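If you want the building blocks of each chain, they are given just below.
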Amino acid sequence: MVVTASPRKVERVRAMGVHHVVDYTAEEFAPAVRAFTGGRGVDVVLDHIGAAYLKGNLKAMAPGGRLVVIGLMGGLKAELNLALLMVKRHTVIGSVLRSRPVPEKADIMAEFERVVVPHFAARRIVPLIDRVFPLREAAETHRQMEASAHFGKLVLRVREQ
């Protein structure tokens, strides 16, 4: 299942072969997730938005599910229904790299290189790149990102080829 942010992006995702797509600007994602999972919910939610999605994330989770918050683009503070958290035995985990000690970051990067990078090298994981901009067009790249006019990653090329 993929959750995205516009009818245009929904169609692009479907064209890539994804059968279950939700446009979260047009419908709540939690009921769609629960329907997709036969009412059970998901075991893990990786959230880079934060407060704005807390309630929906918890509703989308299965009993014993884990919510891992890795970003706060949608706000810092939200109200948490502790009774629901307890009854469903949810775990909420917060994580960020920035404040970790350098040796710990190095260990995480080494593990990422050992476990994940080979999948990129073998092309089992292929990043979806919308457009590559020269560094001198960084401001335009940022405008594209703010307008959500892209589908995939926007890349800045540091050196000219």
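So, a few notes on the structure that sits alongside this text. Keep in mind that what you see is a predicted model, and the values were worked out from it rather than measured.

1. Remarks on the overall build of the protein
What the protein contains, in helices and strands, is 7 helices and 7 strands. When the helices and strands of the protein are read in sequence order from the N terminus, they spell out β-α-β-α-β-α-β-α-β-α-α-β-α-β. In the protein, 42% of the contacts between residues at least 6 apart in sequence involve partners at least 24 apart. Entry remark: accessible area of the protein is about 11,300 Å², with carbon and sulfur atoms responsible for 59%. Positive and negative charge centroids in the protein, built from 24 and 16 side chains respectively, lie 2 Å apart.

2. Describing helix H2 (residues 29-36)
When we look at burial in H2, the residues that qualify are Phe29, Ala30, Ala32 and Val33. Down the axis of H2, the buried set is contained in an arc of 165 degrees. They therefore lie on one face. For H2, the secondary structure elements touched by its buried residues are strand S1 (2-4), strand S2 (21-23), strand S3 (42-47) and helix H3 (54-60). Backbone geometry just after H2 places glycine 38 at a positive phi near 70 degrees.

3. Topic: the side chain of lysine 88
Within the fold, lysine 88 resides in the loop between helix H4 (82-87) and strand S5 (91-94). An unpaired buried charge is present at lysine 88: no salt bridge exists, and aspartate 43, the closest side chain of opposite charge, is 10 Å distant.

4. With respect to unusual backbone geometry
Here arginine 123, not a glycine, exhibits a phi torsion of approximately 65 degrees, which is positive. Residue classification places arginine 123 among the exposed positions, given a relative accessible area of 58%. Unlike most non-glycine residues, serine 148 shows phi in positive territory, near 55 degrees. The residue serine 148 is located in the loop between helix H7 (138-146) and strand S7 (153-157) in this model.

5. A short note on the environment of isoleucine 125
If you trace the backbone, isoleucine 125 turns up in the loop between helix H6 (117-121) and strand S6 (129-134). When the C-alpha positions of isoleucine 125 and valine 115 are compared, they lie 12 Å apart, and in sequence the two are 10 residues distant. Sequence-distant contacts of isoleucine 125, defined by excluding residues within four places in its chain, comprise Val116, His119 and Phe120.

6. Here we look at a nonpolar patch on the surface
A surface patch of nonpolar side chains, about 410 Å² in accessible area, is lined by Met109, Phe112, Val117, Phe120 and Ile125. Taken together, the elements giving at least two residues each to the nonpolar patch come down to helix H5 (102-115) and H6. On the secondary structure map, phenylalanine 112 appears in helix H5.

So, how was this worked out
Residues numbered from 1 in each chain as written. Predicted model: local features only at pLDDT ≥ 70, side-chain atom pairs only at ≥ 80, totals over all residues. Heavy atoms only, no water. Helix = DSSP H or I, 4+ residues; strand = E, 2+ residues; numbered from the N terminus. Contact = heavy atoms within 4.5 Å. Areas by Shrake-Rupley, 256 points an atom, 1.4 Å probe, with all protein chains shown as cover. Lys, Arg positive; Asp, Glu negative; His and termini not counted. Charge placed at Lys NZ, Arg CZ, Asp CG, Glu CD. Buried < 20%, exposed > 50% of the residue type's maximum accessible area, 1.4 Å probe, protein only. Arc of directions from axis to C-beta. Salt bridge = Lys/Arg side-chain N within 4 Å of Asp/Glu carboxyl O. Patch = residues over 30% accessible without salt bridge, like charges linked within 9 Å, V, L, I, M, F, W, Y side chains within 5 Å.

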